[in-house]
Amino acid sequence: MAAKEFIVAIELGSSKVTGIAGQKNLDGSIQVLAVVKEESSAFIRKGVVYNIDKTAQCLTSIIKKLETQLKTEIRQVYVGVGGQSIRSVRNIIGKDLPNESIVTQEMVIELMDANRSMTYQDQEILDAAVQEYKVGSQLQIDPVGIQATKLEGNFLNILERKAFYKNLNKCFETAGINVAEMYLAPLALADSVLTEAEKRSGCALVDLGADTTTVSVYSKNILRHLAVIPLGGNNITKDIATLQMEESDAERMKLKYAAAYTDNNDIDNDLKYPIDTERQIESRKFIEIVEGRLEEIIENVWYQIPSEYYDKLLGGIILTGGGSNLKNIGKAFSNHTHVDKIRIAKFVTQTISSTNESIKAHDGMMNTVLGLLAKGDINCAGSAVDPNGDLFSQQKPTSAQSVADMRPARQVGEIPAGVVLTEAEKKAAEAGKKAAEEEKRRLEEEEQRLKREEELREKAEQERIRKENSFWNKAIKGLKNFGKTIIEEE
């Protein structure tokens, strides 16, 4: 039977593109209805789309396969945004207030709008995480209602290269797939694997992917830093492949023999690992190659964590992603970072039910796409699909029709944390902003016109009164009255 309500999420990873459909229950749990994966190494590198046409073909294939399993057309999808060029930059916007004004919500939105209007060379602002507001000399999370002479907003702007942002939008447009909402994949992942206590007390989330490693730092429930390192599990595989073997064989050996840390006393100098039926490699040499590259990844992770948070990671370091399955990975991180509290997040915190083996594996590799699925709040289901290939209903609506009907355009202050506006939404927002500015200017001009007319009326009235009170005016009036009196007497 065709499903009538479900959410669809798509994650564009360096090794594979994953599409998932799930149904949300009243108790908050999620039932996964369908999962489809496609290889992506030929057109996505370091989490970034490089070939738009091939990516569009892959997305079309995933949607068709999901529709076949669901027996229902897909009207729109939720999309995760990640990749190599994503980074965070701090920014401060200040505003002087007259005569000990009370801070209003409009003032706060004005600061947020000014921050969103910042321009960075070749970079696009994907999201702006509010750090805190400085009211006078005090830091506040919510400054509304406080009296002050100056208001400052501290923001963490999350950037991506404009070319990559446009490529991502273009491939969905080329595939004819409606985007319900784009969401920052690292933030969706964090919301699904971190506990409130970890976010509050301070922690670093490390997502060890195939081509990239993403580092997110939280403190007091606020995202403090975000960076993507262009190193991942594939780099270990390529290093192993330098021992004159195919990458497929190197990947097999990594999965079978590799460990993030091996005590020197446990290394057997006589032990050799088979490459194929004819060749072998010394275990010590293999261990040195794996640990050498992993040490580089860990050092880059630690370098990305701002120094002021070194002693504030009371929640520790949380590891997730495919790379977190490497044997003794927690021990390796503890040795290099000197952080004792290491947790490996094998699965999301939401209650998920599924018969799919990749989800039941609980190996951390599906955490991001499940986090994106949990963020969905708009029904992605369309009409039932005819097994013969025809739809019972009419053609799919456009993105503007399907999404705008269910969710009105949001202002700057209404954009939830982690949500990335699509190119179409940004254009609509800019057009709306321009129209609002035009209307504001028209109203101001009308107000000025009315003010000028009122001033002219007042000036004319004052001139009339001045003339009436002048000496000659009084003399003329006296003569007129005298003449009128004489005429009346005669």
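Parameters and conventions
- Each chain carries its own residue numbering, running from 1 in the direction its sequence is written.
- Per-residue local features of the predicted model are confined to residues with pLDDT of at least 70, and side-chain atom pairs are confined, for both listing and counting, to 80 or more; whole-chain, interface and lining totals are unaffected and use all residues.
- For side-chain calculations, the full set of non-hydrogen atoms in the structure is used, while hydrogens and water are omitted.
- Stacked, edge-to-face and tilted labels apply to pairs of Phe, Tyr and Trp rings (six-membered ring for Trp) whose centres lie within 6.5 Å, assigned for plane angles under 30 degrees, over 60, and everything in between, in that order.
- Numbered from the N terminus, helices here are DSSP runs of H or I no shorter than four residues, and strands are runs of E no shorter than two.
- Think of it in three bands: with a 1.4 Å probe and only protein chains considered, a residue is buried below 20% of the maximum accessible area for its type, exposed above 50%, and partly exposed in between.
- Whether a charge sits over a ring comes down to the Lys NZ or Arg CZ being within 6 Å of the ring centre and within 35 degrees of the ring normal.
- Lines fitted to the C-alpha atoms define the axes, with helices restricted to the stretch that makes contact. Angles between their N-to-C directions range from 0 to 180 degrees.
- Here the angle decides the label: under 35 degrees means roughly parallel, over 145 means roughly antiparallel, 65 to 115 means roughly perpendicular, and every other value means oblique.
- Two residues form a contact once any of their heavy atoms are found within 4.5 Å.
- Any Lys or Arg side-chain nitrogen located within 4 Å of an Asp or Glu carboxyl oxygen qualifies as a salt bridge.
- To define a nonpolar core, start from buried Ala, Val, Leu, Ile, Met, Phe, Trp, Tyr and Cys residues and group those joined through side-chain atoms within 4.5 Å.
- We treat two strands as partners when DSSP finds at least two bridges between them.
- A 1.4 Å probe that fits but cannot get out identifies a cavity on a 1 Å grid over protein atoms alone, an open set with protein on both sides within 12 Å along at least five of seven lines counts as a pocket, and a residue lines either if it has an atom within 4 Å of a point.
- Grid points are joined across faces, edges and corners, and a volume is the space filled by probe spheres set on the points.
- Charged residues are taken to be Asp, Glu, Lys and Arg, nonpolar residues to be Ala, Val, Leu, Ile, Met, Phe, Trp, Tyr, Cys and Pro, and polar residues to be all remaining types, Gly included.

Here we look at the packing of aromatic side chains
(1) Moving on: Taken as a whole, this structure holds 6 aromatic pairs when the rule is applied.
(2) Moving on: Between the aromatic rings of Y257 and F286, the centroid separation amounts to 6.4 Å while the plane-to-plane angle is 85 degrees, which identifies the pairing as edge-to-face. Taken together, the residues span a long stretch of sequence, with Y257 in helix 7 (residues 247-257) and F286 in helix 8 (residues 283-304) at a distance of 29 residues.
(3) Moving on: Take F286: its relative accessible area is 1%, and that puts it in the buried class.
(4) Moving on: Ring pairing ties together the aromatic residues Y257, Y273 and F286, which thus form one cluster.
(5) Moving on: The residue whose ring lies beneath R161 is F164, and the NZ or CZ to ring-centre distance is 4.7 Å.
(6) Moving on: Note that K426 overlies the ring of Y165, its terminal NZ or CZ placed 4.9 Å from the centroid.

A word on the packing of helix 4 (residues 185-193) against helix 11 (residues 367-375)
(1) Moving on: Remark: helix 4 packs on helix 11, axes separated minimally by 8 Å, with the N-to-C direction vectors making an angle of 90 degrees. In this view, helix 4 runs roughly perpendicular relative to helix 11, as classed from their interaxial angle. Here helix 4 contributes A185, A188, L189, D191, S192 and V193 to the contact with helix 11, which in turn contributes N367, T368, G371, L372, A374 and K375.

What about the pattern of salt bridges?
Pairs may arise between side chains of opposite charge once their charged atoms sit close together.
(1) Moving on: In this structure the tally under the stated criterion is 22 salt bridges.
(2) Moving on: One salt bridge connects E152 with K150, and the closest N-O pair in it is separated by 3.7 Å.
(3) Moving on: Residue classification places E152 among the buried residues on the basis of a relative accessible area of 19%.
(4) Moving on: Taking the shortest distance from any N to any O, the salt bridge between E454 and R457 comes out at 2.6 Å. Remark: R457 and E454 occur in helix 13 (residues 423-468); sequence separation between them is 3 residues, near one turn of the helix.
(5) Moving on: Exposure remark for E454: the relative accessible area of 34% places this residue in the partly exposed category.
(6) Moving on: Sharing partners across several salt bridges, the network here consists of D191, K199 and K375.

Description of the nonpolar core
(1) Moving on: Counting residues in hydrophobic clusters, the biggest one holds 76 residues, and the most contacted among them are F172 and L370.
(2) Moving on: With 7 residues, the top contributor of residues to this core is helix 1 (residues 52-70).
(3) Moving on: Look past the residues within four positions of F172 in its chain and what remains in contact with it is I10, L12, L59, V77, V79, I177 and V179.
(4) Moving on: Among the nonpolar cores identified, the runner-up in size contains 37 residues, and I297, W302, A332 and V339 belong to it.

Brief notes about the sheet that holds strand 12 (residues 179-184)
(1) Moving on: The sheet built from 7 strands is open, its strands ordered 20-3-2-1-7-12-22 with mixed pairing. For this open sheet the edge positions go to strand 20 (352-353) and strand 22 (419-420), each flanked by a neighbour on one side alone.
(2) Moving on: The pairing of strand 12 with strand 22 spans 2 bridges and is antiparallel. Of the residues in strand 22, the one forming a bridge with Y183 is V419.

Comments concerning empty space enclosed by the protein
A water-sized probe, rolled over the atoms, reveals where empty space remains.
(1) Moving on: Applying the stated rule across the entire model yields 1 cavity of 30 Å³ or more.
(2) Moving on: Taken as a whole, the largest cavity holds about 100 Å³ of empty space.
(3) Moving on: Contributing to the lining of the largest cavity are L12, G47, V48, V49, G80, V81, G82, E160, F164 and L168.
(4) Moving on: If you list the elements that add at least two residues to the lining of the largest cavity, you get strand 5 (48-49), strand 7 (77-81) and helix 3 (162-175).
(5) Moving on: Residue composition of the lining of the largest cavity, grouped by class: 6 nonpolar, 3 polar and 1 charged.

Thoughts on the side chain of T214
(1) Moving on: Note on placement: T214 falls in strand 14 (residues 213-219).
(2) Moving on: The class of T214 is buried, set by a relative accessible area of 11%.
(3) Moving on: When near neighbours in sequence (up to four residues on either side) are disregarded, T214 contacts P186, L205, V206, D207, L226, A227 and V228.

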